[in-house]
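Residue-level listing of the chains:
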Amino acid sequence: MTAGGIITAIIIGAIIGALGRLVVRGRQNISIIATILVGIVAALIGTWIASLIGVQDTGGIDWIELALQIVLAAIGVSIVAGTSGRKA
């Protein structure tokens, strides 16, 4: 992966992670770094799922792929917020 690809992944991850946090109700006590990482993972998995069902490359904006990524980011944010909120 090139430096431009890494920067793009971080930017897309931050956007997808932030959108995922907006979808989740309540306060999520996770860092911005965790949000970006969740967003990157959600973007990659969402793109993979979209390619499996044949909706990755459509004319115009890939709304289904974007929706998959945001839903996955919301799930990831909920999981990370739930596990980081618990103290042993």
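Presented here is a report on the structure given in the accompanying data block. Worth saying up front: this structure is predicted, and the values here are computed from it rather than measured.

## Quick word on the nonpolar core
For step 1, the next point in the chain: Val 24, Ile 30, Ala 34, Val 38, Ala 74, Val 77 and Ala 81 together form the largest nonpolar core, which totals seven residues.
For step 2, the next point in the chain: Listing elements by their share of this core, those giving two or more residues are helix 2 (32–53) and helix 3 (63–85).
For step 3, the next point in the chain: In terms of residue count, the dominant contributor to this core is helix 3 (three residues).
For step 4, the next point in the chain: Counting residues in each nonpolar core, the second largest holds five residues, with Ile 16, Ala 42, Ala 43 and Ala 73 among its members.

## Structural notes on a nonpolar patch on the surface
For step 1, the next point in the chain: A cluster of nonpolar residues, Ile 7, Ile 11, Ile 12, Ile 15, Leu 19 and Leu 22, forms a patch on the protein surface that exposes about 560 Å² of accessible area.
For step 2, the next point in the chain: Structurally, Ile 11 is set in helix 1 (residues 3–23).
For step 3, the next point in the chain: Overall, the relative accessible area of 47% leaves Ile 11 in the partly exposed class.

Basis of the calculations
- Residues numbered from 1 in each chain as written.
- Predicted model: local features only at pLDDT ≥ 70, side-chain atom pairs only at ≥ 80, totals over all residues.
- Heavy atoms only, no water.
- Core = buried A, V, L, I, M, F, W, Y, C linked by side-chain atoms within 4.5 Å.
- Buried < 20%, exposed > 50% of the residue type's maximum accessible area, 1.4 Å probe, protein only.
- Helix = DSSP H or I, 4+ residues; strand = E, 2+ residues; numbered from the N terminus.
- Patch = residues over 30% accessible without salt bridge, like charges linked within 9 Å, V, L, I, M, F, W, Y side chains within 5 Å.
- Areas by Shrake-Rupley, 256 points an atom, 1.4 Å probe, with all protein chains shown as cover.
- Salt bridge = Lys/Arg side-chain N within 4 Å of Asp/Glu carboxyl O.

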